[in-house]
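Observations on chain architecture
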Amino acid sequence: MNAAGNGGSKGAKLLGALANAPLEWGFALLLGTTLIALIAGDTLLDRSFTINRMNAGDYILNGYGDQAEKGSSTVSTDNDRPLHWRCALKDGFQYPYCGYQLLFGGWGGVRGMNFAKVESISIDMSYSGPGETIRFNLLDFDPRYSHKDRPDTFKPNKVEVFVRTGDRRVIEVRPEDFSVAEWWLTRFSMPPALSRPQFENIVSLDIQTGSWSAKGEHAFDVHSITFNRKLLSRAELYLVILAAWVIFAIAFLAMRLVRLAGDLKRRKRTEQAALAAARAAQESALTDALTSVLNRRGLVRGYEGLTAGVAPSSAISVILIDIDFFKRLNDSFGHNAGDAVLVAFSSILSAQASEADLVGRWGGEEFLIVHVGGRDDAMALAERVRGALHAYDFGACGTVTASFGIHTAPVEGADLDQMVGHADEALYTAKSRGRNRADFYTGVPQLVA
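A short tour of the structure in this document, coming up.

Conventions we followed
- Residues numbered from 1 in each chain as written.
- Predicted model: local features only at pLDDT ≥ 70, side-chain atom pairs only at ≥ 80, totals over all residues.
- Heavy atoms only, no water.
- Helix = DSSP H or I, 4+ residues; strand = E, 2+ residues; numbered from the N terminus.
- Rg over C-alpha atoms; globule rule 2.2 N^0.38 Å.
- Buried < 20%, exposed > 50% of the residue type's maximum accessible area, 1.4 Å probe, protein only.
- Contact = heavy atoms within 4.5 Å.
- Axes fitted to C-alpha atoms, helices over the stretch in contact; angles between N-to-C directions.
- Parallel < 35°, antiparallel > 145°, perpendicular 65-115°, else oblique.
- Left-handed = near helix turned anticlockwise from the far one by under 90°.
- Nonpolar A, V, L, I, M, F, W, Y, C, P; charged D, E, K, R; others polar.
- Phe/Tyr/Trp six-rings, centres within 6.5 Å; stacked < 30°, edge-to-face > 60°.
- Salt bridge = Lys/Arg side-chain N within 4 Å of Asp/Glu carboxyl O.
- Polar contact = N/O pair within 3.5 Å; in protein donor to acceptor, adjacent residues only side chain to side chain.
- Disulfide = S-S within 2.5 Å.
- Pairing = 2+ DSSP bridges.
- Expected span 1.5 Å × (residues − 1).

With that settled, the discussion passes to the overall build of the protein chain. Secondary structure summary: the protein chain contains 9 helices and 17 strands in total. By the compact-globule yardstick of 22 Å for 449 residues, the protein chain is too spread out, its C-alpha radius of gyration being 54 Å. Within the protein chain, the proportion of its 449 residues that are buried is 40%. Pairs at least 24 residues apart make up 73% of the contacts formed inside the protein chain by residues separated by at least 6 positions.

Here it is, written out as structure tokens:
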């Protein structure tokens, strides 16, 4: 049973620690993601796609010669062998050519494919013929200079590579290898801002004979074309990682500040609670539990503070008060009734004394008032208390009276215990004279037979 309880407690502590550690979890997650991105980022971000004989039918394939330039070169294709064509370069145009194109936007289409993130194009092909070079064109449609019904206005991003007859190899070209055909720039008077290669809207890929291809038969056999592209470039990936770390650092600092503010608030509340508890404990130590007035220790502590704040020549009085016949009252009505009388009695004393006076329970049914003032003031206060007692309804206990012993002395050199002792002698005199009265300490016991 204990083992199970301990296990549950440890599990709860562990769960609590995990719940309170979002920053640590966030750091671990971000660190792991960064390592994965650096190690396997190319694989995870790879969005490459390949066109081959199996899926070439998804695109419009078109072979063409130089008839548009009034040439006589021709192209022959085989529907059963897509991406395979033969070209016969003939006289008739000063620069004879022929080509084969993959249309990404369909016939007359102007919405092509965005190759802006393509890092390279890999063409696996075979060539045979008298040519030394072949040319790749990526045609870009941009409404700033292109017209739908005029394919010659599409920007030709071109690159030319060397080939050898009978050679099958993978030709790889990168965006930075392309340039815009000079004849196009000249024909359409392109400004410098529009003279650079563009790949945002490629409507077709053309594979053509090269610039100085000899007349005769040229055979092309493309096995596959792979567009190697990434969801993000390596530079963009690093930028995203850097931004994530910056955001995490800001969040880390913000959360730390929030936690610090929370800790400060909790600490302040804890300190306030501790101070309140200390004050309550101090008040409890200095206050009588039953009547809520000062106890003897509280009176002693209060007397020290009170006398320290008045002139040494000032007069100070103590009034020791004893409830008359209190034992008889307890015996007749019970201790609960006696306690109720003590509580009511202390309330009457507090109400008649001033805020500057000290009121407390000296012990049992004896109470003490410390009053800064002379004999006349002390006597007037005692008489006010006597009058309030007569006017108070103590219920079944009937009338409750008290006897008062008063002693007055200069503050300088006044000792509380000594003053209370003298007041006690005066109280004894008041009791011997019939109770329910106040008497001063005169230095000589005044007894009545």
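On to the packing of helix H7 (residues 335-352) against helix H8 (residues 375-391), then. Relative to each other, H7 and H8 sit at 135°, their axes nearing to 10 Å. When the interaxial angle is binned, H7 and H8 end up oblique. In this structure, H7 meets H8 at a crossing whose hand is right-handed. Of H8, the residues touching H7 (which contributes Phe345, Ile348, Leu349 and Gln352) are Leu381, Arg384, Val385, Ala388 and Leu389. Across the contact of H7 with H8, the residue classes break down as 7 nonpolar, 1 polar and 1 charged.

Let's shift gears to the packing of aromatic side chains. Counted by the stated rule, this structure contains 19 aromatic pairs. Summarising the aromatic geometry, the rings of Phe104 and Phe227 are spaced 6.1 Å apart at their centres and angled 80° between planes, so their arrangement reads as edge-to-face. Of this pair, Phe104 sits in the loop between strand E5 (99-103) and strand E6 (118-128) while Phe227 sits in strand E12 (residues 216-229), and the two are 123 residues apart along the sequence. Note on Phe104: relative accessible area 12%, which makes it buried.

Next up on the list: the pattern of salt bridges. Applying the stated criterion to the full structure yields 20 salt bridges. In this structure, Asp167 and Arg169 form a salt bridge, with 3.9 Å as the shortest nitrogen-oxygen distance. The class of Arg169 is partly exposed, set by a relative accessible area of 33%.

Right, let's talk about the side chain of Ser122 for a bit. For Ser122, the location among the structural elements is in strand E6. On the accessibility criterion, Ser122 (13% relative accessible area) is buried. A distance of 3.4 Å separates the side chain of Ser122 from the side chain of Glu172, its partner in a polar contact. Here Ser122 is in contact with Val170, Ile171, Glu172, Ser224, Ile225, Thr226 and Asn228, once residues within four sequence places are set aside.

This part takes up the environment of Tyr97. Mapped onto the elements, Tyr97 comes out in the loop between strand E4 (84-89) and E5. When the C-alpha positions of Tyr97 and Gly421 are compared, they lie 133 Å apart, and in sequence the two are 324 residues distant.

Before going further, it helps to examine the packing of helix H6 (residues 326-333) against H7. At a minimum axis separation of 6 Å, H6 and H7 run at an interaxial angle of 135°. Regarding the angle of H6 to H7, the classification is oblique. Residue-level contacts link Phe326, Leu329, Asn330 and Phe333 of H6 to His335, Ala337, Gly338, Val341 and Leu342 of H7. In the contact of H6 with H7, the residues fall into 6 nonpolar, 3 polar and no charged.

What the rule picks out here adds up to 1 disulfide. There is a disulfide in this structure between Cys87 and Cys98, and the S-S distance comes to 1.3 Å. The sign of the S-S torsion, about -130°, decides the handedness of the disulfide formed by Cys87 and Cys98: left-handed. Here Cys87 is found in strand E4, whereas its partner Cys98 is found in the loop between E4 and E5, with 11 residues between them in sequence. On the accessibility criterion, Cys98 (1% relative accessible area) is buried.

As a further point, take the sheet that holds E5. Across the sheet, which stays open at both edges, the 6 strands sit in the order E2-E5-E11-E7-E8-E10 with antiparallel pairing between neighbours. Unpaired on one side and paired on the other, strand E2 (60-64) and strand E10 (179-180) mark the two borders of the sheet.

Our next topic: the sheet that holds strand E17 (residues 438-440). Spatial ordering of the open sheet is given by E14-E15-E13-E16-E17, a layout of 5 strands whose pairing is mixed. Of all the strands in the sheet, just strand E14 (358-363) and E17 have a single pairing partner and so form its edges. Averaged over all neighbouring strand pairs, the angle between strand axes comes to 25°, with direction disregarded. Two elements, strand E13 (residues 315-323) and strand E16 (residues 402-410), share 9 bridges in a ladder whose sense is antiparallel. Across the sheet, residue Ile321 finds its bridge partner in E16, namely Phe404.

Glancing now at helix H5 (residues 296-308). End to end, H5 covers 18 Å across 13 residues, agreeing with the expected 18 Å (1.5 Å per residue, within 8%). With a side-chain oxygen lying 3.2 Å from the backbone nitrogen of Arg297, the N-terminal cap of H5 falls on Asn295.

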